[in-house]
Structures are given as C-alpha cells and as structure tokens.
Amino acid sequence: MSPISTTGKVAVLGAGSWGTAFSVVLADGGNEVTMWGRREEVCATINDEHENVEYLPGVQLPPTVTATHDAEKALAGADVVVLAVPSQSLRVNLTEWAPYLSDDAVMVSLMKGVELGTLKRMSEVIAEVTGAGPERIAVISGPNLAKEIARREPAASVVACEDEDVARMLQARCHSPAFRPYTSVDVLGCELGGAYKNVVGLAVGMAVGLGFGDNTTASVITRGLAETARLAMRLGANPLTLMGLAGLGDLVATCSSPLSRNRTFGEKLGQGMTSEDIYASTRQVAEGAKSCASLRALAEQAGVDAPIAQHVDDVVAGRLTAADLMDALLARDTKAETD
Ligand SMILES: NC(=O)c1ccc[n+]([C@@H]2O[C@H](COP(=O)([O-])OP(=O)(O)OC[C@H]3O[C@@H](n4cnc5c(N)ncnc54)[C@H](O)[C@@H]3O)[C@@H](O)[C@H]2O)c1
Ligand SMILES: O=P(O)(O)OC[C@H](O)CO
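For clarity, every value in this text was computed on a predicted model and none was experimentally measured.

As for the overall build of the protein chain
(1) Moving on: Helices and strands together make up the secondary structure of the protein chain, namely 16 helices and eight strands.
(2) Moving on: Based on the C-alpha atoms only, the size of the protein chain along its principal axes is roughly 55 × 40 × 35 Å.
(3) Moving on: Looking at the protein chain as a whole, 51% of its 339 residues are labelled buried.
(4) Moving on: Looking at the protein chain alone, contacts between residues at least 24 apart form 71% of all its contacts between residues at least 6 apart.

Side note on the UniProt feature "binding site: sn-glycerol 3-phosphate" (unreviewed entry) in the protein chain
(1) Moving on: According to UniProt, the feature "binding site: sn-glycerol 3-phosphate" (unreviewed entry) maps to K112, G142, K197, D250, S260, R261 and N262 in the numbering used here.
(2) Moving on: A tally of 29 C-beta atoms within 10 Å means that K112 is categorised as buried.
(3) Moving on: Here K112 is in contact with S141, G194, A195, N198 and E287, once residues within four sequence places are set aside.
(4) Moving on: Mapped onto the secondary structure, N262 falls in helix α12 (residues 261-270).
(5) Moving on: Apart from the residues lying within four places of it in its own chain, the contact partners of N262 are N198, G201, L202, G205, T254, A286, E287 and G288.

Concerning the site of ligand 1
(1) Moving on: With respect to spatial proximity, 24 residues lie near ligand 1, and among them G16, S17, W18, S89 and A146 are the closest.
(2) Moving on: It is helix α1 (residues 17-28) that provides the largest number of residues to the shell around ligand 1, a total of three residues.
(3) Moving on: When we break the shell around ligand 1 down by domain, the ones giving at least three residues each are domain 1 (9-185) and domain 2 (188-331).

What about the UniProt feature "domain: Glycerol-3-phosphate dehydrogenase NAD-dependent C-terminal" (unreviewed entry) in the protein chain?
(1) Moving on: Those places that UniProt annotates as "domain: Glycerol-3-phosphate dehydrogenase NAD-dependent C-terminal" (unreviewed entry) correspond, in this numbering, to residues 186-326.
(2) Moving on: For residues 186-326, the helix share is 77%, the strand share is 0%, and the end-to-end C-alpha distance is 33 Å.

Observations regarding the domain arrangement of the protein chain
(1) Moving on: We note that the domain assignment places domain 1 (9-185) and domain 2 (188-331) within the protein chain.
(2) Moving on: Distance between the C-alpha centres of domain 1 and domain 2: 24 Å.
(3) Moving on: Across the boundary between the two partners, domain 1 contributes 25 residues, which contact 29 residues of domain 2.
(4) Moving on: If you tally residues by element for the side of domain 1 that touches domain 2, the top one is strand β7 (residues 155-161), at four residues.

Thoughts on the packing of helix α4 (residues 90-97) against helix α5 (residues 122-130)
(1) Moving on: The geometry of α4 relative to α5 is characterised by a closest axis approach of 10 Å and an angle of 35° between their N-to-C directions. Seen along the crossing, α4 lies across α5 with a hand that is right-handed. Residue-level contacts link L90, R91, L94 and T95 of α4 to M122, V125, I126, V129 and T130 of α5.
(2) Moving on: Tallied by class, the residues present in the contact of α4 with α5 amount to six nonpolar, two polar and one charged.

A closer look at the site of ligand 2
(1) Moving on: Around ligand 2, the structure places 13 residues, and the nearest of them are N144, D250, S260, R261 and N262.
(2) Moving on: Those elements that provide at least two residues to the shell around ligand 2 are α8 (187-209), α11 (245-256) and α12.
(3) Moving on: With three residues, α11 is the single largest residue contributor to the shell around ligand 2.
(4) Moving on: Residue classes in the shell around ligand 2 are distributed as three nonpolar, six polar and four charged.

With respect to the confidence of the model for the protein chain
(1) Moving on: The pLDDT averaged across the protein chain works out to 97; a share of 99% of its residues lies at or above 70.
(2) Moving on: Interface predicted TM-score (ipTM) for the complex: 0.99; the corresponding pTM is 0.97.

Focus on the nonpolar core
(1) Moving on: In terms of nonpolar packing, the biggest core is built from 65 residues, with L13, V82, L83, V108, A138 and L170 touching the most fellow members.
(2) Moving on: Broken down by element, the residue count for this core peaks at six residues, all from α1.
(3) Moving on: A domain-level breakdown of this core finds at least three residues from each of domain 1 (9-185) and domain 2 (188-331).
(4) Moving on: Once residues lying within four places of it in the same chain are set aside, the contact partners of A138 are V106, V108, V159, A160, C161, V166, A167 and L170.

A word on unusual backbone geometry
(1) Moving on: Within the chain, H50 stands out as a residue other than glycine whose phi angle is a positive 55°.
(2) Moving on: Examined against the element boundaries, H50 turns out to sit in the loop between α2 (40-49) and β3 (65-68).
(3) Moving on: With a phi angle near 60°, L119 is a residue other than glycine that sits in the positive phi range.
(4) Moving on: The topology assignment puts L119 in the loop between β5 (106-109) and α5.
(5) Moving on: Residue L119 is classed as partly exposed on the basis of its C-beta count, with 19 C-beta atoms lying within 10 Å.

Re the pairing of strand β8 (residues 179-184)
(1) Moving on: Direction of pairing for β7 relative to β8: parallel, over a ladder of six bridges. Paired with A156 across the strands is R180, a residue of β8.
(2) Moving on: In this view, the connection linking β7 to its parallel neighbour β8 by way of helix α7 (residues 164-174) has right-handed handedness.

A few points about the sheet that holds β5
(1) Moving on: Pairing is mixed in the open sheet, where eight strands are placed in the order β3-β2-β1-β4-β5-β6-β7-β8. In this open sheet, the two edge strands, each paired with only one partner strand, are β3 and β8. Looking at each pair of strands side by side, their axes are set apart by 25° on average, direction ignored.
(2) Moving on: Relative to β7, strand β6 (residues 137-141) runs antiparallel, the two sharing four bridges. Within the sheet, the bridge partner assigned to I140 lies in β7 and is V159.
(3) Moving on: Contacts between α8 and the sheet are confined to β6, β7 and β8, with β6 contributing the most and set at about 40° to the helix.

Conventions used here
Starting from 1, residues in each chain are numbered consecutively following that chain's sequence as written. Labels follow written order: the first chain is A, the first ligand is 1, and so on. Only residues with pLDDT of at least 70 get local features here, since the model is predicted, and only at 80 or more are side-chain atom pairs given and counted; chain-wide, interface and lining totals rely on the full set of residues. Put simply, DSSP marks the helices as runs of H or I at least four residues long and the strands as runs of E at least two long, and each gets a number from the N terminus on. Note on burial: count the other C-beta atoms lying within 10 Å of the residue's C-beta; 20 or more is buried, 12 or fewer is exposed, in between is partly exposed, and C-beta positions come from the backbone. What counts as a contact is two residues whose backbone-derived C-beta atoms lie within 7 Å of each other. UniProt positions are given in the numbering used here, feature names are shortened, and annotations may be inferred rather than shown by experiment. The C-beta atom of each residue is placed using the backbone, and any residue whose C-beta lies within 6 Å of a molecule or strand is treated as near it. Those domain boundaries reflect an automatic or database domain assignment. All axes here are fitted lines through C-alpha atoms, helices being fitted over the stretch that makes contact, and every angle between N-to-C directions spans 0 to 180 degrees. In this scheme the crossing of two helices becomes right-handed for a clockwise turn of the near helix relative to the far one and left-handed for an anticlockwise turn of less than a right angle. When residue character is reported, Ala, Val, Leu, Ile, Met, Phe, Trp, Tyr, Cys and Pro are called nonpolar, Asp, Glu, Lys and Arg charged, and the others, Gly included, polar. Note: pLDDT gives the predictor's confidence per residue, expressed from 0 to 100. To count as a nonpolar core, a set of buried Ala, Val, Leu, Ile, Met, Phe, Trp, Tyr and Cys residues must be joined through C-beta atoms within 7 Å. Strand pairing is assigned whenever DSSP detects at least two bridges linking the two strands. Note on handedness: a crossover is taken as right-handed if, strands pointing away from the viewer, the path from the first strand over the helix to the second is clockwise.

As structure tokens, this is what we get:
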C-alpha cells in the first residue's frame with residue numbers, strides 16, 4: 001500500500017465557529033487551508049488579522065489558513081472539501097458549489113443535522129447533489145466544542161467513511177498534537193449520534209432552565225442515549241458507535257457544557273423564552289431546534305418510539321412548555337429499561 005499523504009490543500013466551506021476551529025486542526029496537521037465564508041468582511045479579517053472576530057474572537061489563526069468569499073477559488077486544487085454550514089442550508093449551498101468540485105475530491109461533513117422534509121442525513125444530501133459514491137463521502141463527529149478545539153485543548157473524534165482507506169487518509173490529514181481522530185466505517189451511526197445529541201442537549205438545557213439538578217439531567221442523558229440507539233440501530237448503525245465518541249462522547253460534552261448552543265437554547269426555553277425570541281438573540285446555529293422535527297419524523301417512519309424528540313419538537317414549536325415536557329416524559333406508561 002502506498003504511504004498515506006498527510007498534507008495537501010483543503011477547502012473548508014463555512015467560516016462559522018466549527019469551520020474555523022477545524023481549519024486550525026487541519027493547519028496544525030500540516031494542510032494548507034482555504035476557507036469559504038458567506039460574508040466578505042469575515043474573510044477579510046481572517047486574511048488581514050488572522051482572526052475570525054465574530055465566531056472565534058481571541059483565537060489566532062495559523063498563517064496557512066486563508067479565506068475567500070469566492071467558492072471557485074476556495075475549491076481550486078483541493079483534494080479534500082470540508083462542509084461546515086448549517087445543515088438546513090447544505091443542499092442549496094452545495095448545488096451552487098458543485099460545478100467547481102473536482103471529480104475525485106473527498107467531501108467531509110462536519111454538520112450535525114437531518115434535513116427537514118426529506119429526512120436525509122448530510123452524507124445522503126451530499127450524495128444526491130454531487131452524485132459522489134460512498135468512497136468520496138465522509139463524516140467527522142465527536143465531542144468537539146469549537147472554542148475548546150480552537151484553544152487546542154486535547155480532544156478526540158471519529159472520522160467515518162464506508163471506504164476505510166479514505167477514513168485513514170482523512171485521519172492522517174487531521175491528526176494534530178491536540179486532536180486525535182479514530183476511524184470508523186459507520187457513517188450512519190456517527191451522523192445520527194451527532195444529530196440526536198443536539199435534541200437531547202435541548203431537553204437537558206430545558207431541565208437546567210427549569211432549575212432541576214443532576215438526577216434529572218443524568219436521567220435525560222441516559223434515556224436520550226437509549227432513544228438514539230433505538231433509532232440508529234433500527235436504521236442499521238453499529239451499536240458500538242453509539243457507545244463511542246460520536247455517540248456517548250458527544251452527548252456528554254453537549255449536555256454538560258454551557259458552551260453548547262443546543263443546551264443553551266434549551267435552557268432559555270426552560271426559562272420561558274420562545275424559540276422566536278431565542279433565534280432573534282443569536283446568529284449561532286442550534287441544529288437540534290430544526291432536527292428535532294426531522295428526527296421525530298424519521299423515528300415515526302421507522303416505527304421507533306422517540307418521546308424525547310417528539311416532546312422537544314413540541315416545545316420548540318410552541319405547542320408545549322418545557323415544564324409540560326418534563327411532566328409528559330414522566331407520565332408515560334411505565335416499562336422495562338431495556339425495552
Ligand atoms: N460549533 C461547534 O462547536 C460544532 C462542533 C461540531 C460540529 N458542529 C456542526 O457544524 C455545523 C456548523 O456549525 P457552526 O458551529 O460552525 O455554526 P455557526 O453558527 O458558528 O456558523 C455557521 C456559519 O454558516 C454560515 N451560514 C448561516 N446560514 C447560512 C446559509 N444559509 N448558507 C451558507 N452559510 C450560512 C454563517 O454565516 C456562519 O459562517 C453545524 O452542523 C454544527 O452542528 C459545530
Ligand atoms: O454548540 P453545539 O450544541 O452545537 O455543540 C457543538 C458540538 O457539536 C459539540 O461536539
């Protein structure tokens with residue numbers, strides 16, 4: 001087998017918190033990184049001051065990270081294309097970018113959501129829009145809060161691709177002194193773990209906002225993992241993926257950290273704010289606030305019981321209050337833990 005290349009040119013499409021933090025990881029791993037940003041002023045500050053002032057203030061970006069508002073320029077010569085826009089906007093963005101993608105570029109989703117309406121995972125949207133086969137589509141997911149990663153605090157993650165050689169190539173490309181990636185071939189398990197933990201994070205945030213303590217949050221986290229595993233396994237995931245970094249690991253990070261936007265969104269709902277008020281108060285994406293509806297529908301389609309996704313969706317949509325959610329979860333018919 002030929003040696004795995006550890007360096008090259010990577011395009012990172014999306015200059016928000018995670019696109020920027022992951023660019024630091026890639027630069028630390030030896031890659032030359034060109035980010036695409038939606039707003040020219042964000043790109044200009046990245047190029048002139050080596051900082052993304054809006055999304056990661058105070059973090060000095062390596063000189064090998066540059067940014068452009070021109071997707072064609074960002075994609076020129078890139079053999080790895082990293083996608084880091086909000087999940088619900090991927091299809092529209094990728095359709096615009098597709099003409100500039102090289103035929104053999106590997107596309108890596110960093111996104112943790114499920115498309116509304118189609119109920120497709122991000123890898124499925126990528127396949128549909130670009131026509132790429134599974135050997136060109138990968139996912140990176142794990143307990144990776146952007147601010148901590150950008151500060152180079154030690155963390156691990158999962159690089160999943162159905163083609164294990166491609167997963168290994170990407171692993172080598174993003175391995176850095178502070179970031180340890182593990183390979184996997186379970187793309188579906190990683191994606192559902194990443195999307196579901198946001199919904200559970202919303203429920204945990206609601207419990208915190210209502211003033212409940214660690215017994216409540218631990219119960220929601222554990223039952224949230226059971227719900228995630230139930231759906232993911234029904235759809236074909238490896239149960240071990242849900243016990244790993246892209247499942248339990250990410251769930252723990254999101255549900256315990258005040259840095260999590262999903263947990264914070266839930267906390268505000270628990271304090272009585274409406275979703276509209278919360279959306280109006282931040283530019284940052286909380287993927288679970290949209291994906292709760294798609295995961296609920298996906299579970300219904302698969303015939304899987306998903307009370308957390310169902311009730312979180314009702315609270316986000318304003319049909320229930322956060323207090324109603326806790327009452328409703330406890331009032332359900334009792335059953336065996338492992339059912
Ligand atoms: N922030 C994290 O810690 C983190 C970690 C792992 C995974 N993720 C995932 O990465 C993805 C991106 O999240 P983020 O944290 O970078 O979000 P963010 O809110 O920090 O930034 C989103 C970026 O997308 C841009 N954007 C917003 N709407 C857009 C649209 N319609 N079209 C194109 N661009 C648009 C914004 O300008 C911004 O640059 C999400 O799926 C998230 O779940 C985030
Ligand atoms: O801030 P959140 O809630 O989007 O979570 C960020 C990451 O997904 C944590 O791994």
